[in-house]
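If you want the building blocks of each chain, they are given just below.
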Amino acid sequence: MRVTSLIDDLVAEAPVLTDGAWGTELQRRGLPAGEIGDLWNLSHPEHVEEVARAYVDAGSRIILTNTFRANRIALERCREESHVEEINRAGVAISRRASAGRALVFASIGPSGKMLMTGDVDEAQLTAAFSEQSEALAAAGADGLVVETMTDLVEARIAVSAAVATGLPVVACMVFDAGKHRDRTIMGVAPQTAAVELTEAGAEVIGANCGIGVEAYIPICAALASATNRPIWIKPNAGLPEFVDGGLVYRMTAEQFAGHAPALISAGARFIGGCCGTTPEFVAALRRRLSLVAPLNH
Amino acid sequence: MELENLKQRLIEGDARAVADLVGRALETGHSAESVLNQALIPGMGVVGERFEQGEYFVPELLLAARAMYAALDVLRPHLAASGVAPLGRVVIGTVQGDLHDIGKKLVVIMLEGSGFEVTDLGNDVSPERFVAAAKETGARLVGLSALLSTTLPAMGKIVRAIREFDPSGNVKVIIGGAPVTQAFADDIGADGFGRDATAAVTLARRLLPAA
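Throughout what follows, the structure given in this document is the object of discussion. Given the structure is predicted, the values throughout are model-derived calculations rather than measurements. (Residues numbered from 1 in each chain as written. Chains lettered and ligands numbered in written order. Predicted model: local features only at pLDDT ≥ 70, side-chain atom pairs only at ≥ 80, totals over all residues. Heavy atoms only, no water.)

1. A short note on the sheet that holds strand 5 (residues 192-193) of chain B
Residues and elements named next belong to chain B. Quick note on the threshold: Two strands qualify as a pair provided DSSP detects at least 2 bridges between them. Helix numbers and strand numbers start at the N terminus; a helix is a DSSP run of H or I with at least 4 residues, a strand a run of E with at least 2. Throughout, a residue-residue contact means that at least one pair of heavy atoms, one from each residue, lies within 4.5 Å. Lines fitted to the C-alpha atoms define the axes, with helices restricted to the stretch that makes contact. Angles between their N-to-C directions range from 0 to 180 degrees.
On the basis of which strands lie adjacent, the open sheet formed by five strands has the order 2-1-3-4-5 and parallel pairing. For this open sheet the edge positions go to strand 2 (117-120) and strand 5, each flanked by a neighbour on one side alone. Helix-sheet contacts for helix 6 (residues 127-137) involve strand 1 (89-94), strand 2 and strand 3 (141-145), and the interaxial angle to strand 1 is about 165°. Here helix 9 (residues 197-207) sits on the sheet and contacts strand 3, strand 4 (172-176) and strand 5; the angle it forms with strand 4, its principal contact strand, is near 170°.

Written as structure tokens, this is what we have:
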């Protein structure tokens, strides 16, 4: 018998709409180039809350938290590692305030940014960092944890195990954008392998995020679904950006993006949202395309 | 035959076999230079091609790099003795505001594996530090990396700082990273753009022709 039934309840109402990108939304509100957005949980919580609320208003049933980089190893690079607990706690509190009971809060856990293979980090350090972050997010009251944008299966498994230890439901996602067919992670992990191993590690939901665009994730979604009985979570990029007049532009529109959603769902996706280049408008377009219930007014 | 075998073991990333075979090749009369130019550098070339074509992934690249470093450790005293100069000096770093260095590290590995001498400035590197390092090392090639689209403007600043320091254009600047495109490279006046570590080596060879 599984302890958590939250995921089962959500899947019963699938497709479940998740959220879109956070980093680019924070930049539009003035996050300076190169600054780690997670620090804004402490310095500019009102802007982070605006982003979170925009997703809830657009129809997200699950929103994430602005804590993608808030593990000790990533924060050490900007000498903010003494604030791990605070940044994560604030991240959950902000998303919780923005959701005001209208959406669940699944907290984001991103990669360490260091490679095990080069010896820049070891498994014990990864375990300590992901346990510390997971515990902080769980203590702050997250409804679930999302291990995302992973490329290395060993690191992903360590993060998932640390997250599972909190007792919260865990979503585990990797980025598939490399290899001849652009269907592996840069470390060479195939979707089927990821699905099997992350299921084994205890993730309740298996998925893919980021990547090279929404169309490319349709066969990847099917490959994930073929290798696990867990529900599938898909958050693709809005294609690849182009450089126009000194800035990056994602050419794909919200409607074009949402046009691929039915195919993703046929391929097995139960949770659906967007990654880089997507906005609250994309979430609203997904909601309309999938004829999902409009958000409650607040 | 011996050198072909060495090249194959390097492509497979077998560091121990590679170190042994380099030692044996030297003992049996191959020059350090021929080991480097006929086995190791072509071997890394194959590794780079396979990576570029999506047959190899980062782990295979790292294993080959490890084998290449093992080979260079054996070879280095002999190369110095025979007066073989590095292909050229390169200064490299991830630009100010960007803390990512995995991609840049792969470029360093491939450049070193191809015979360049590389000074790696790490990440979050200011225009001043790039200029100071170019001055200090006499490097004629500077490589800039960025993963965040938000740090792209820093690349433009660094190119301008280098042109100010070296108006004659002797120092070339190459750029790369996930959000970087050829159009962007042209826009900021960089001398070249490479989409991956292999492309960076090709560019470096073209821009730093052997003296």
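Having seen the structure, we can now continue with the description.
2. Thoughts on the packing of aromatic side chains
Residues and elements named next belong to chain A. The criterion, for reference: Pairing of aromatic rings covers Phe, Tyr and the six-membered ring of Trp, with a centre-to-centre limit of 6.5 Å; geometry is then stacked below 30 degrees between planes, edge-to-face above 60, and tilted otherwise. Exposure categories follow from relative accessible area, calculated using a 1.4 Å probe and restricted to protein chains: below 20% of the type maximum is buried, above 50% is exposed, and the middle band is partly exposed.
Under the counting rule described, the total for this entry stands at four aromatic pairs over all chains. Measuring from centroid to centroid gives 5.6 Å for Trp233 and Phe271, while their planes differ by 35°, and the two rings are tilted. One end of the pair, Trp233, is in strand 7 (residues 232-236); the other, Phe271, is in strand 10 (residues 269-272), and 38 residues separate them in sequence. With respect to class, Trp233 is no different from Phe271; both count as buried. Ring pairs connect the aromatic residues Phe106, Trp233 and Phe271, which therefore count as one cluster.

3. Observations regarding the pairing of strand 4 of chain B
Residues and elements named next belong to chain B. Where burial is concerned, most of strand 4 is hidden: four out of the five residues are buried. Bridging between strand 3 and strand 4 involves five bridges; their strand directions are parallel. Across the sheet, residue Gly143 finds its bridge partner in strand 4, namely Ile174. When strand 4 meets strand 5, the two strands line up parallel, connected through two bridges. Bridge pairing in strand 5 links Ile175 to Phe193.

4. Here we look at unusual backbone geometry
Residue and element names in this part refer to chain A. Note that the residue after Ala14, namely Pro15, is joined by a cis bond; omega there is 5°. On the secondary structure map, Pro15 appears in the loop between helix 1 (6-12) and strand 1 (16-17). One non-glycine residue, Ala100, lies in positive phi territory at about 45°. Looking at where Ala100 falls in the secondary structure, it is placed in the loop between helix 6 (84-99) and strand 3 (104-109). The exposed category is assigned to Ala100, whose relative accessible area is 55%. Unusually for a residue other than glycine, Thr149 sits at a positive phi of about 60°.

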